[in-house]
Amino acid sequence: MKNKSSKIHIIGAGVSGLIAAQILENYGYKPTILEGSNSIGGRVKSDLVKGHTLDRGFQVLLTSYPAAIKYIDFEALKLQKLLPGAVIFNKGKTQTIGDPLRSFSMLLPTLFSSIGKLSDKIKILKLNLLLKNKKIDAIFKEEEKTTLQYLKDVGFSEEMIQTFFKPFFSGIFLEPNLDTSSRMFEFVYKMFGEGDAVIPRAGIEAIPKQLYQNLKHSTFKFNTKVNSVSNGILKLEDGTELPSDFTIIATD
């Protein structure tokens, strides 16, 4: 793709679409981004309510993500670190479990938590060490299975899966049954173990806003829904047809 005047369209102005546009700009191209809503960010959104910034859903940034390191200016976001653990609300009580190897304050709450068995906690430590030493390329070459089956094969108890893994990773994968590939589970679990979970001071939407501000040669068309992509033609919801030499679909 050497012709810099090629008509390149990106469908979706979420984080993936914005990074795709940045990569194209880096190589001298000027893409057009078609976004069905009236704003950037996709699912990565924040709302200002009575002076408080509220993020939509379970949203954190993991500082160990390779793409985040490459394309995001962490310092400019004024990141706020979260402790490496989780507070679990179960049967009317709250309990805390976490990674004592990364934060010593998590040791006693985790040991005395009734969430899971002692064998579950030992398996978590072993999994942390295993994935810490496993290369990302190796993770994505592994045989795939569902995350749920992966956890069962590792030997986690049903209680641990239902009270911790299922609610926690369902929020990350945005699906309730842990049907997501075990490769993605290993990758995300490794990222949690290697870096920090953080939130920008201005809310999670500060990430796509930063990516958007970095784009200098991209054209944005909001409220533009694409119905189909076929044979170099984009058919919009309003019936308009757009010729496209190359199309990147950065949405569902």
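I will try to describe carefully the structure that is included in this document. None of these values were measured; they are calculated from a predicted model. (Residues numbered from 1 in each chain as written. Predicted model: local features only at pLDDT ≥ 70, side-chain atom pairs only at ≥ 80, totals over all residues. Heavy atoms only, no water.)

## Focus on the sheet that holds strand 14 (residues 246-249)
Under the convention used in this document: A pair of strands is labelled paired if DSSP reports no fewer than 2 bridges between them. Secondary structure counts use DSSP, requiring at least four H or I residues in a row for a helix and at least two E residues in a row for a strand, with both numbered from the N terminus. Every angle, taken between N-to-C directions, lies between 0 and 180 degrees, and every axis is a line fitted to C-alpha atoms, over only the stretch in contact when it is a helix.
Strand order in the open sheet formed by four strands is 10-2-1-14, and the pairing between neighbours is parallel. Lying at the two open borders of the sheet, with one neighbouring strand each, are strand 10 (219-221) and strand 14. When strand polarity is set aside, the average angle formed by the axes of neighbouring strands in this sheet is 20°. Strand direction decides the pairing type here: strand 1 (residues 8-11) and strand 14, joined by four bridges, are parallel. From the neighbouring strand, I11 faces strand 14, where its bridge partner is I249.

## A word on the nonpolar core
Note the cut-off: Within this scheme, the nonpolar core is defined by two criteria: the residues are buried Ala, Val, Leu, Ile, Met, Phe, Trp, Tyr or Cys, and they are joined through side-chain atoms within 4.5 Å. Only protein chains enter the accessibility calculation, which uses a 1.4 Å probe; a residue is then buried when its area is under 20% of its type maximum, exposed when over 50%, and partly exposed in between. Here a residue-residue contact requires only that any non-hydrogen atoms of the pair lie within 4.5 Å.
Judged by nonpolar contacts, the single largest core of 27 residues is most densely connected at F165 and F185. Mapped by element, the contributors of at least two residues to this core are strand 7 (85-90), helix 5 (118-132), helix 7 (147-154), helix 8 (158-173) and helix 9 (182-194). Setting aside residues no more than four positions away along its own chain, F185 makes contact with L127, T147, Y150, L151, F165, F169 and F173. Of all hydrophobic cores here, the second largest spans 24 residues; its members include Y29, V198, I204 and A206.

## A word on the pairing of strand 8 (residues 93-98)
Every other side chain in a regular strand lies on the same face of the sheet, so the side chains alternate between the two faces. In the sheet, strand 7 pairs with strand 8 via six bridges, with the strands oriented antiparallel. Within the sheet, the bridge partner assigned to A86 lies in strand 8 and is I97. Hairpin remark: strand 7 followed by strand 8, antiparallel, with two residues in the connecting loop; positive phi at K91, about 55°.

## Some words on unusual backbone geometry
Phi at K91 is positive, roughly 55°, even though this residue is not glycine. With respect to the secondary-structure elements, K91 resides in the loop between strand 7 and strand 8. Of the residues examined, K91 reaches a relative accessible area of 78% and is grouped as exposed. You will see that L174, though not glycine, has its phi angle at about 60°, which is positive.

## Regarding the sheet that holds strand 12 (residues 233-236)
The strand order 11-12-13 describes an open sheet built from three strands, whose pairing is antiparallel. Because the sheet does not close on itself, it has two edges, and the strands there are strand 11 (226-230) and strand 13 (241-243). Strand-to-strand twist in this sheet, taken as the mean axis angle between neighbours without regard to direction, amounts to 20°. Here strand 12 runs beside strand 13; their pairing, made up of three bridges, is antiparallel. Among the inter-strand pairings, I233 is bridged to a residue of strand 13, identified as P243.

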